[in-house]
Amino acid sequence: MKPMLSLFVPLFAGPAFAWASAYATGSEATVQAPVAATAIAQDSLLGGPLVVDGKEIPQAVLKRYLALGVGWRQVDHDKFDIVLATELERRKAAGEDVTRFRPTKEEIDAKIEKDRVDFLEKYPTLDFPTEVGRAYLSLDLYREQAAQAMTFDRVFTPEDPDLWPPLTREIVMQEGQGSGLIDDAKQSYEARKQRALDEGLSEVPPDDPIWVEYLRSIVIESLLKFSTIETAAERLPAGVLVSVDGRPVTVDQVFNRVRPHVTSDLVADARKFLAIKALVEADLAKKGVLESRDEFEKNFEPTEPFQETLMRYQMLAQNVQGFPSMEAWVDYKRCFRSFQKTIADDLKDDAKLMTVLGPCNAIVAAAKVNVEVILASAFDDAHFRWKDNGWAYAEQRAKEIRKELDAGADWKATLEAKSEFWDPPMPEVGQKPQFGFNFKGMFGEQTRNQLLTYLHESEYRIFLDANSVTDYIFFKQRPGTIEGPLKGARGYYIARVTGTTPPTKPLNMKEPKHRELVETHYTTEKFNAYVQDLLAKAIAERRVVGL
């Protein structure tokens, strides 16, 4: 799961790693297969056989799905290691001593220790390894990221702009539309170098982190324009997760590092998604409407390369809609668009579209619900792990809380004392964050999509589960009522709605963009219902075994 609020700033945050889900639409490079082929051992972590219509979904497919999702940072790391290695090979061939670019163990240790000291100065009551794990899974995996970031900076963006390689200078000139950014970087370096002399510092103080992140992002994005990145399983050898200019990153090299962080709920999600995918593809192929991967890539956004399209959609797909990887999102969208062909007549029928106009308008035009929620949590947010027997505990606790409320307990006092929404402490030094806090569940006025985030739900979860506490509260619960316990993503929820606010502006079906939004909403509801009906029928008929 991706944490909603991380106190640890990623080394390559935001746009700098927008390339993480870049895809190639076809490559002239030959992808190298893994060096040695070995027999595929069954991993008990992944569960027993998963069979759909008589065909077993191999554990290798499960491992790939989980490696791309749980191990998304490691995928990014390994892909960019190939880009770095290519540049270092080029420089070595040109006669440079490239050993100076790789940080030593002592330098990495010093970096991690500085991060630890800085973090604990801001958050003295928190556990450093836990918070690193919240963002990076573990300290060991964070060390990988730290070492790579240090190498990247030494190779492409050293402190002194006079030492920048020609490629970096060219990129900055293009992105900055002239030499102004380079001149600013030089002035900043000289000022910081003078400060180090004046104050007797052992090293030049770091530059503005916003500037550093911007510089990294434009260099990385430009470097990747010269790389062919392939992640489509259909175009890769068995065992290869992704390739960069024909060089492979294997499934095992990612999965084996993140395996300790693959929890049973993530395995269950992967198994369910892959079973649904197999059922839907078979059914839509039988109906003659299933798009192939190549057809989908060609038709999705015909006016631009597919790789660039996916880079634009990454934040929507993963951060907003909650898909664990861009590959999972592509599989979903390909099936979604194929299914849409089966309801083409419905989408031309205004009467049918009008049945979803109200809820669509409420979401798109920012209707709000004023709500407070008590959570009995199966998840230990403070330590970022599932509680032992967490679901049984949460169910019993929620029933007890509801019983107290029904007996006349004060709502606000009960929420304050017993709701298990967790917030980290405010930092003791530095800037105070303004957003992302739960306030024990006293959410106030929220849009539907905002409430989804607070309740750890997403379009991905709704697709998998056909259930949403958010949508029940937002669309069905009446003002002035208390509802629950309602089972959701992290436990059991008891909600009190005190009011609603109507949409700011109604949708107009005569406006093409508005109509498209309504068509998408209609298709989503129909597709989700179709998926759940298909799955339920297949399970009942024993065509799906292992869920």
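Remember, it's a predicted structure, so these values are computed and weren't measured experimentally.

Visitor: What is the right way to read the environment of phenylalanine 463 from this model?
Guide: Among the secondary structure elements, phenylalanine 463 is positioned in helix H18 (residues 459–465). Considering only alpha carbons, one finds phenylalanine 463 and glutamate 525, 62 residues apart in sequence, at a separation of 9.4 Å. Excluding residues within four positions of it along the chain, phenylalanine 463 makes contact with Phe273, Ile276, Tyr332, Phe527, Asn528, Val531 and Gln532.

Visitor: Teacher, can you tell me more about the packing of helix H11 (residues 293–300) against helix H12 (residues 306–320) here?
Guide: Two quantities define a packed helix pair, namely the angle between the axes and the distance from one axis to the other. Running from N to C, H11 and H12 point in directions that differ by 75°, and their axes come no closer than 9 Å. One finds that H11 runs roughly perpendicular with respect to H12. When H11 is examined against H12, the residues Arg293, Phe296, Glu297 and Phe300 are found in contact with a partner set consisting of Phe306, Thr309 and Tyr313. Partitioned by chemical class, the residues of the contact of H11 with H12 number 4 nonpolar, 1 polar and 2 charged.

Visitor: How do you make sense of the sheet that holds strand S4 (residues 240–244) when you look at a structure like this?
Guide: Strand pairing in a sheet takes place through backbone hydrogen bonds and is either antiparallel or parallel in direction. With antiparallel pairing, 3 strands are arranged side by side in an open sheet as S3-S4-S5. Where the open sheet ends on each side, the last strands, each with one partner, are strand S3 (229–230) and strand S5 (247–250). When S4 meets S5, the two strands line up antiparallel, connected through 4 bridges. Considered in S5, the bridge of serine 243 is made with proline 248. Taken strand by strand, helix H2 (residues 72–93) contacts S3, S4 and S5, and its axis lies near 150° from that of S5.

Visitor: Would you mind going over helix H20 (residues 512–540) with me for this structure?
Guide: Because an α-helix completes one turn every 3.6 residues, residues spaced three or four positions apart along the sequence face the same direction. For H20, spanning 29 residues, the distance from its first C-alpha to its last is 42 Å, which sits close to the expected 42 Å at 1.5 Å a residue. Looking one or two residues past H20, arginine 542 carries a phi angle of roughly 60°, positive in sign.

Visitor: Got a minute to help me understand helix H8 (residues 209–224) in this structure?
Guide: The end-to-end C-alpha distance of H8 is 22 Å, a good match for the 22 Å that 16 residues give at a rise of 1.5 Å each. Looking at the buried side of H8, the elements it contacts are H2, helix H5 (139–156), helix H6 (166–175), helix H7 (180–199), S3 and H12. Among the residues of H8, the N-terminal cap falls to aspartate 208, whose side-chain oxygen and the backbone nitrogen of isoleucine 210 are separated by 3.1 Å.

Visitor: What is the right way to read the pattern of salt bridges from this model?
Guide: Close approach of charged atoms allows side chains of opposite charge to pair. Taken as a whole and judged by the stated rule, the model has 51 salt bridges. Among the charged side chains, a salt-bridge network with shared partners connects Glu230, Glu234, Arg235, Arg293, Asp294, Glu297 and Glu327.

Visitor: Hey, could you run me through the side chain of glutamine 321 in this one?
Guide: Counting through the fold element by element, glutamine 321 comes out in the loop between H12 and helix H13 (326–340). At 3.0 Å, the side chain of glutamine 321 and the side chain of tryptophan 329 are in polar contact. If sequence neighbours within four positions are ignored, glutamine 321 has contacts with Leu316, Trp329, Ser458, Glu459 and Tyr460.

Rules of the game
- Sequence order as written defines the numbering, with residues in each chain counted from 1.
- For this predicted model, a pLDDT threshold of at least 70 governs which residues receive local features, and a threshold of 80 or more governs which side-chain atom pairs are given and counted, while totals over whole chains, interfaces and linings are taken from all residues.
- Note that water and hydrogens are dropped before the side-chain values are worked out from all heavy atoms of the structure.
- Working definition: helices are DSSP H or I runs of at least four residues, strands are E runs of at least two. Numbering for both runs from the N terminus.
- Here, residues are in contact when the closest pair of their heavy atoms is within 4.5 Å.
- For helices, the axis comes from a line fit to the C-alpha atoms of the stretch in contact; other axes are also lines fit to C-alpha atoms, and the angle between any two N-to-C directions lies between 0 and 180 degrees.
- Angle categories are assigned with fixed cut-offs, so that under 35 degrees is roughly parallel, over 145 is roughly antiparallel, 65 to 115 is roughly perpendicular, and the rest are oblique.
- Note that Gly is not counted as nonpolar here; it falls among the polar residues with everything else outside the nonpolar set of Ala, Val, Leu, Ile, Met, Phe, Trp, Tyr, Cys and Pro and the charged set of Asp, Glu, Lys and Arg.
- A pair of strands is considered paired only if DSSP assigns at least 2 bridges between the two.
- Expected helix span is given by 1.5 Å per residue-to-residue step, counting one fewer step than there are residues.
- Whenever a nitrogen or oxygen atom comes within 3.5 Å of another N or O atom, the pair is scored as a polar contact, on the condition that within protein one atom can donate a hydrogen and the other can accept it, and that pairs from neighbouring residues in sequence are kept only if both atoms are in side chains.
- Any Lys or Arg side-chain nitrogen found within 4 Å of a carboxyl oxygen on Asp or Glu counts as a salt bridge.

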